[in-house]
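These are the residues of each chain, in order.
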Amino acid sequence: MIALCGGVGGAKLAFGLARAVAPQDLTIVVNTGDDFEHLGLSVSPDIDTVLYTLSGLSDRERGWGRTGETWGFMSALRQLGGEDWFNLGDRDLAMHVERSWRLRAGESLSQVTARTARTLGIGTAIVPMSDAPVRTVVETAQGPLSFQRYFVEARAEPRARAIRFEGAEAARPSPAFAAALDRRDVAAVVVCPSNPYLSVDPILAVPGVRDRLAALGAPVVAVSPIIAGQALKGPAAKLMAELGAEPGVLAVARHYRGLATGLVIDQADAGDAAALRAMGVTPHVTGTIMHSDEDRTRLAQETLRFAADLSAPPRAVAAHGGP
Ligand code: GDP
């Protein structure tokens, strides 16, 4: 099983998948387009969110970062007149310091991530999409903005015109992602409920990834991050509208056309099921909001069963006109 994952939304389903699938059968591929260098540190926000979520260290109330966080570093930084637009908690800071010196010492992002996952007791493979730098840039009405400047500093307010992934053409899938793409026993590909434009597209922009996912011959199912035309959090629906689509599950299905043949949608969107079928996308309607660990596991299990049904040969249909 291969899961494509961004940060907060994706990590919730990844948590459920990690509970539902044996570690040797699951590779969680994480977006690194959000990665950036800040105050001399290498920050990988989506990888960290997945690491914190799968190890039970994430702060559920705040919705991002580590639980039990304190902010002494930020207040001292402010006192010194330092750049304080990006919040780095004291505990979170340890992650960035540890990653930064190891990268500088020559380790790859894959190696650093694998070591940290192991140390935090995570058995499932969490792998960056690539070890080469790929940087998401949002073209806005005010000019190009690097991802964190757009997302954090400008609070995703500027109108987006286009999104590009600098460095993607030269990037290659990370070794563990490439190995997963080479397996002949991949049961399914799950596109987690992450931002399609900012979290999943960067992964798909790595050369060869789309074709190799399709060549696996496995069912590809996405879980919609859009519910009743809205994102639960973040700019997915706003971006959809700005990039010319009406926010909704039909736009999600269109976005993943040629990749996903199944889409898990929320009960609130059941009315779109027929239109999805007409597009050639099989819908699965269920509750998709994940509040608890149980929600995450149930949605993961349902998504896997749905994928298995998609790959099964069609059931024989009773002939009409019989007695
Ligand atoms: P980011 O990188 O931290 O912005 O996170 P992602 O890209 O992984 O996730 C953002 C998306 O997750 C948003 O579009 C949300 O609507 C979606 N999301 C968050 N929580 C849930 C949830 O419980 N269920 C579903 N279906 N989507 C969710």
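Anyway, here's the lowdown on the structure attached to this text. As the structure is a prediction and not an experimental result, all values here were calculated from the model.

Rules behind the numbers
- Residues numbered from 1 in each chain as written.
- Predicted model: local features only at pLDDT ≥ 70, side-chain atom pairs only at ≥ 80, totals over all residues.
- Heavy atoms only, no water.
- Buried < 20%, exposed > 50% of the residue type's maximum accessible area, 1.4 Å probe, protein only.
- Helix = DSSP H or I, 4+ residues; strand = E, 2+ residues; numbered from the N terminus.
- Pairing = 2+ DSSP bridges.
- Right-handed = clockwise from strand over helix to strand, strands pointing away.
- Arc of directions from axis to C-beta.
- Contact = heavy atoms within 4.5 Å.
- Axes fitted to C-alpha atoms, helices over the stretch in contact; angles between N-to-C directions.

So, on to the pairing of strand β2 (residues 27–30). In summary, the side chains of a regular strand alternate between the two faces of the sheet. Residue alternation in β2 divides its side chains into two sets, T27 and V29 and I28 and V30, and both sets are buried. Relative to β2, strand β1 (residues 2–5) runs parallel, the two being bridged by four bridges. Note that in β2 the partner of A3 across the bridge is I28. Between the parallel pair β1 and β2, the chain is carried across by helix α1 (residues 8–20), and the sense of this crossover is right-handed. Sheet analysis places β2 next to strand β5 (residues 125–128), joined by four bridges and oriented parallel.

Quick look at helix α5 (residues 109–119) now. Buried within α5 are the following residues: L109, S110, V112, T113, T116 and A117. Burial along α5 is one-sided: seen end-on, the buried residues are contained in an arc of 165 degrees. Those residues of α5 that are exposed and aimed more than 90 degrees away from the buried face are R118 and T119. Structurally, α5 contributes buried residues whose contacts are with α2 (45–54), α4 (90–104), β5 and α7 (175–182). Immediately beyond the C-terminal end of α5, within one or two residues, lies G121, with a positive phi of roughly 80 degrees.

Next up on the list: the sheet that holds β5. In space, the seven strands of this open sheet follow the order β5-β2-β1-β9-β10-β13-β14, with parallel pairing throughout. If you trace the sheet from one side to the other, it starts and ends with β5 and β14 (282–286), each paired once. Each adjacent strand pair in this sheet contributes to an overall mean axis angle of 25 degrees, direction not counted. Where strand β9 (residues 189–191) and strand β10 (residues 220–223) come together, three bridges link them in parallel fashion. The residue bridging V191 from the neighbouring strand is A222, located in β10. With respect to the sheet, α2 is in contact with β1, β2 and β5, its orientation differing from that of β2 by roughly 145 degrees. Sheet strands in contact with helix α13 (residues 293–311) are β9, β10, β13 (262–266) and β14, and its direction is about 155 degrees off that of β14.

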